[in-house]
Amino acid sequence: LEELNRDFPSALETLDHQVVRLALHSVQSRLAELFKSRGSSLGINEKLRGRVSTFPCLHEHLIAAFSCKKMSAVILTSLTTFAVLLGPIFVKPIERNVEFFFLVAGMITSAVTGQFSSALVRAALSEPIALTSAVLVFGFVFRLLQEHLDRVFSQAIGVFGQRWLCFGLNDHRGPFCFHHHRCGSGTGSRGGDLSA
Amino acid sequence: VGLFASIITAVVAALVLAEAISLLRLDRTAQIAATVFGCFAIGLGAVMTPLGMPASTLVLAALHADFWYLARLLGPFVIAGIVLVAVPTLFLPVGEGDPALPLIAESGLWAPVLTRAGKVYIFIVRLVGLSAGLRPVVDAYARHLPGALLFWLNTISAVVDNATLAAVEIGPALSSNQQRFALLGLLISGGMLIPGNIPNIVAATRLGINTVNGQGLVSALGCRC
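Asker: Any chance you could explain the overall build of chain B here in plain terms?
Answerer: Scanning chain B for helices and strands turns up 11 helices and 0 strands. Tracing chain B from N to C terminus, the helices and strands come up as α-α-α-α-α-α-α-α-α-α-α. Here chain B holds 225 residues, and the buried ones make up 64% of them. Of all intrachain contacts in chain B linking residues separated by at least 6 positions in sequence, the fraction that spans at least 24 positions is 78%. For chain B, the accessible surface area stands at approximately 7800 Å², while carbon and sulfur atoms represent 71% of it.

This is the structure in structure tokens:
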């Protein structure tokens, strides 16, 4: 156990500290059980050390991976991250069913990492309410005012010109205030005579 | 529109933008460029409150922060960014012909409004689950990355929706500076291609701009400005 403890600082440099700490704790408990059941702790320790040393530089990783179940969660969630980020771009079936894919990926990763709970379900269902309500309310308002907005935009084009309208659309400090002048001429049209 | 987007939501701001763009008598390239600049501005402005866009909702939920946290964190950068993307539109060539990008008609009066809200709801639900699931891993690794690296890593947001990246990446383990770098990376690159951000998708759908046009837009930025 002392030798194993000395080996682990090198593992700490290559693996995540928390994972290795958990792994170390797990390995220590497991070895303690082994030594107790088989008698000579020194002999078992030598055997173990000889076997894993055939994988130079990897034995720390292997011990960590086998003894710490969290490692599999880390690997799975890392793979999920890549799948979520790159899947919709490169895999057509994922792109076509991206909503379902993300939902399943979210459920799997939260289950694997132990985050899936009723609190998470409640949060997932309640977090979007504010934004959804805003989209709904302003969507309705926009729909109701759409024709009026068209007229305002057409007048604004006539008053300020297209360049400044473009600028005003991007920057709130542009001359996109509708109460300076009346429209003179050149109102825009959209597939018809909107100025009318 | 860019700054109003944080109140009226990026989705509705993009609809307003599309409405206005469809009235402009610009040639097609210039009209697409104006749309892109507008979407950039909306994408930047909408991040300031949780009502603006899904990414800001997810970030604030993950950080358990207050309503104005992102406005305090990113406000000066957002205002400067909106002004910067507005200036090039002054140099777009103005034509006299008919508008090149008429609006694509939506079927039904209220159904599109309900559908859009429903899609936004489902979109955020699935990302909240994903965000919670990936949080332990991301917290363990992302907090060790310097802010500048986070900024450049997030250029992938050009092709991946920035709400997805925000859900995956931003968490309480990141420092304020790391959060600022990461979010700015997401917002800036999110405006470059259509899938990068919600306003791009909405405006492109309303104006019938496809990805090829969108990439042409990048060339439009180079040629016209």
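What follows continues from the structure just given.
Asker: Which parts of the structure should I look at to understand the interface of chain B and chain A?
Answerer: Frequently, the measure chosen for interface size is the accessible area removed from exposure when the parts meet. Taken together, the contact between chain B and chain A spans 79 residues of the former and 62 residues of the latter. For the pair chain B and chain A, the summed buried area comes to about 5900 Å², and 72% of that belongs to carbon and sulfur atoms. When the buried area of chain B at its contact with chain A is split by residue, Leu-23, Leu-90 and Arg-126 of chain B rank highest and sum to 12% of it. Here chain B and chain A share 0 salt bridges between them. In this structure, the connection of chain B to chain A is made through 2 residue pairs in polar contact (both at pLDDT 80 or more). Mapped onto the side of chain B that touches chain A, the elements with two or more residues apiece are helix H1 (5-8), helix H2 (10-21), helix H3 (28-45), helix H4 (54-63), helix H5 (69-86), helix H6 (111-142) and helix H8 (162-169) of chain B. Residue contributions to the side of chain B that touches chain A peak at 22 residues, all from H6 of chain B.

Asker: For this particular structure, what's the right way to read the environment of Phe-77 of chain B?
Answerer: In this structure, Phe-77 of chain B sits in helix H5. Each C-alpha atom of the pair Phe-77 of chain B and Gly-45 of chain B lies 9.9 Å from the other, and the pair is 32 residues apart in sequence.

Asker: Help me understand a nonpolar patch on the surface in this model?
Answerer: Taken together, the side chains of Val-137, Val-141, Leu-144 and Leu-145 of chain A together with Leu-109 and Trp-110 of chain B define a hydrophobic patch exposed on the protein surface, amounting to about 550 Å² of accessible area. Tracing the backbone through its elements, the reader meets Trp-110 of chain B in the loop between H5 and H6. According to the relative accessible area criterion, Trp-110 of chain B is partly exposed, its value standing at 32%.

Asker: How do you make sense of the side chain of Thr-35 of chain B when you look at a structure like this?
Answerer: Residues and elements named next belong to chain B. With respect to the helices and strands, Thr-35 occurs in helix H3. There is a polar contact of 2.7 Å between the side chain of Thr-35 and the backbone oxygen of Gln-31. If sequence neighbours within four positions are ignored, Thr-35 has contacts with Leu-17, Ile-21, Ala-203, Leu-207 and Ile-209.

Asker: Would you mind showing me how to read the confidence of the model for chain B here?
Answerer: A low pLDDT score tells you not to read the predicted coordinates there in detail. All names here are of chain B. On average, residues of chain B carry a pLDDT of 79, and 86% of them reach 70 or more. When the elements of chain B are averaged for pLDDT, helix H11 (residues 211-224) gives the smallest value, 47, and H5 the largest, 89. For residues 219-225, every residue scores under 50 in pLDDT, and the model assigns this stretch 11 contacts once sequence neighbours within four places are set aside. Confidence estimates for the predicted assembly give a pTM of 0.67 and an ipTM of 0.79.

How each quantity is defined
Residues numbered from 1 in each chain as written. Chains lettered and ligands numbered in written order. Predicted model: local features only at pLDDT ≥ 70, side-chain atom pairs only at ≥ 80, totals over all residues. Heavy atoms only, no water. Helix = DSSP H or I, 4+ residues; strand = E, 2+ residues; numbered from the N terminus. Buried < 20%, exposed > 50% of the residue type's maximum accessible area, 1.4 Å probe, protein only. Contact = heavy atoms within 4.5 Å. Areas by Shrake-Rupley, 256 points an atom, 1.4 Å probe, with all protein chains shown as cover. Buried area = accessible area lost by both parts, 1.4 Å probe. Salt bridge = Lys/Arg side-chain N within 4 Å of Asp/Glu carboxyl O. Polar contact = N/O pair within 3.5 Å; in protein donor to acceptor, adjacent residues only side chain to side chain. Patch = residues over 30% accessible without salt bridge, like charges linked within 9 Å, V, L, I, M, F, W, Y side chains within 5 Å. pLDDT = per-residue confidence, 0-100.

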